[in-house]
Amino acid sequence: MDAKDIAQDFEHVLFTADQVQDRITELGAQIDADYEGKELLLIGVLNGAIMVMADLSRALRSHCTMDWMAISSYGSGTKSSGVVRILKDLSTDISGKHVLIVEDIVDTGLTLSYLVQNLQSREPASLEIMTMFRKPEAITTDVDVKYVGFDIPNEFVVGYGLDYAGRYRNLRDVGTLAEHVYR
Ligand code: PRP
């Protein structure tokens, strides 16, 4: 689905599908160079990271393996509290492996802060983070994100894995919704 297919729901496009793919290609090249000679384990955080994971893994020119975690954060309404419950844990043992967490978005950073602590205790050889989008104005915790696709304004964005009420994840472009959709 493209933004033009749902023009009546859309306010403005922040990044076109082509811009997203170009940035993924650049990040893939950077990650390939940084991990030369090492085998990488990509850990995708469900559900939002499915698109980034699919595209980033295919942009790499070296071998990688993949695993997934699903977590749910407790919070009031739309506010994340940083208290996180694991809904689906990894299927593999990550000790001694070079791990890259793959996220769609870092908002407050609370989810990643929990995840880093949790995965660090499993003693990987290295642990880094890649996120496609980051909202610098919303970050409340100090999370060290090595690879960032785009920094974005503190607006509610959908597309490329990011949803509103479960929808719009399959939108190729990324942008903001018209007010009538969520009012
Ligand atoms: C989103 C996103 C991150 C988290 C970021 O997941 O995928 O995991 O929120 O927010 P934070 O930085 O404020 O912790 P969400 O809980 O919306 O689930 P989803 O991936 O299934 O959409």
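Residues numbered from 1 in each chain as written. Predicted model: local features only at pLDDT ≥ 70, side-chain atom pairs only at ≥ 80, totals over all residues. Heavy atoms only, no water.

**Describing the packing of aromatic side chains**
Working definition: an aromatic ring pair is given by the centre-to-centre distance plus the angle between the planes. Operational definition: Here a pair means two rings of Phe, Tyr or Trp (six-membered ring of Trp) with centres within 6.5 Å. Their orientation is stacked below 30 degrees between planes, edge-to-face above 60, and tilted elsewhere.
Evaluated as defined, the whole model comprises 5 aromatic pairs. Three or more aromatic residues joined by ring pairs make a cluster, and in this case those are F15, F133 and F150.

**What about the site of the ligand?**
For the record, the criterion: Any residue with a non-hydrogen atom lying within 4 Å of a molecule or strand is treated as near it. What qualifies as a polar contact is a pair of N or O atoms within 3.5 Å, subject to a donor-acceptor requirement within protein and to the restriction that residues adjacent in sequence count only when both atoms come from side chains. Only the protein chains shown count as covering a residue, and every accessible area follows the Shrake-Rupley method with a 1.4 Å probe. Secondary structure follows DSSP: runs of H or I at least 4 residues long count as helices, runs of E at least 2 residues long count as strands, and numbering of each begins at the N terminus. Under the grouping applied here, Gly and all other residues not named as nonpolar or charged are polar, the nonpolar ones being Ala, Val, Leu, Ile, Met, Phe, Trp, Tyr, Cys and Pro and the charged ones Asp, Glu, Lys and Arg.
Taken together, 14 residues sit near the ligand, with E103, D104, T108, G109 and T111 positioned nearest. Residue E103 places a side-chain N or O atom 2.6 Å away from an oxygen atom belonging to the ligand. Between an oxygen atom of the ligand and a main-chain N or O atom of D107, the distance comes to 2.9 Å. Relative to its free-state accessible area of 500 Å², the ligand is covered by the protein chains to the extent of 76%. Of all elements in the fold, only β5 (98-106) and α3 (110-120) reach the threshold of two or more residues within the shell around the ligand. Examining the composition of the shell around the ligand, we find that 4 residues originate from one element, β5, more than from any other. Tallied by class, the residues present in the shell around the ligand amount to 4 nonpolar, 5 polar and 5 charged.

**Topic: the side chain of D9**
For clarity, the cut-off: Only protein chains enter the accessibility calculation, which uses a 1.4 Å probe. A residue is then buried if its area is under 20% of the maximum for its type, exposed if over 50%, and partly exposed in between. Residues counted as positive are Lys and Arg, residues counted as negative are Asp and Glu, and His and the chain ends are not counted. Salt bridge criterion: a side-chain nitrogen from Lys or Arg within 4 Å of a carboxyl oxygen from Asp or Glu. In what follows, residue pairs with any heavy atoms lying within 4.5 Å of each other are defined as contacts.
Tracing the sequence through the fold places D9 in the segment before β1 (10-15). Lacking a salt bridge, the buried D9 has R167 as its closest oppositely charged neighbour, with an N-O distance of 5.1 Å. Excluding its chain neighbours within four sequence positions, the residues that come into contact with D9 are Y168, L177, A178, H180 and V181.

**Examining the sheet that holds β1**
What counts is decided by this rule: Note on pairing: DSSP must find at least two bridges between two strands before they are called paired.
The antiparallel open sheet is built from 3 strands, whose spatial order is β1-β9-β8. For this open sheet the edge positions go to β1 and β8 (157-158), each flanked by a neighbour on one side alone. Relative to strand β9 (residues 174-177), β8 is paired through 2 bridges, and the arrangement is antiparallel. Following the sheet pairing, V158 is matched in β9 by G175.

**Concerning empty space enclosed by the protein**
Keep this limit in mind: Throughout, the protein atoms alone are placed on a 1 Å grid, and a set of points is a cavity if a 1.4 Å probe fits but cannot get out or a pocket if it is open with protein on both sides within 12 Å along at least five of seven lines; lining residues have an atom within 4 Å of a point. Grid points are joined across faces, edges and corners, and a volume is the space filled by probe spheres set on the points.
Per the counting criterion, the structure on display carries 1 cavity of 30 Å³ or more. In this structure, the largest cavity occupies an estimated 40 Å³ of space. Looking at the largest cavity, the residues that line it are I31, D32, Y35, K38, L40, L60, S62 and H63. A per-class count over the lining of the largest cavity returns 4 nonpolar, 2 polar and 2 charged.

**Focus: the packing of helix α1 (residues 17-34) against helix α2 (residues 50-59)**
Condition: To define axes, lines are fitted to C-alpha atoms, for helices over the stretch in contact only, and angles between the resulting N-to-C directions are given on a 0 to 180 degree scale. Roughly parallel means an angle under 35 degrees; roughly antiparallel means over 145; roughly perpendicular covers 65 to 115; every other angle is labelled oblique. Each crossing gets its hand from how the near helix is turned against the far one by less than a right angle, where anticlockwise is left-handed and clockwise is right-handed.
Viewed as axis vectors pointing N to C, α1 and α2 meet at an angle of 55°, and their least axial separation amounts to 8 Å. One way to sum up the angle between α1 and α2 is to call them oblique. Seen from above, α1 lies across α2 with right-handed handedness. Residues Q21, I24, L27, G28, I31 and D32 of α1 pack against V52, D55, L56 and A59 of α2. Considering only residue class, the contact of α1 with α2 consists of 6 nonpolar, 2 polar and 2 charged.

**Looking at the nonpolar core**
Put simply, the rule is: Nine residue types can take part in a nonpolar core, namely buried Ala, Val, Leu, Ile, Met, Phe, Trp, Tyr and Cys, and a core is a set of them joined through side-chain atoms within 4.5 Å.
Counting 25 residues, the largest nonpolar core has I31, L56, L100, M130, M132, F133 and Y160 as its most contacted members. Breaking this core down by element, the ones donating at least two residues are α1, β2 (40-46), α2, β5, β6 (126-134) and β7 (147-151). With 4 residues, the top contributor of residues to this core is α1.

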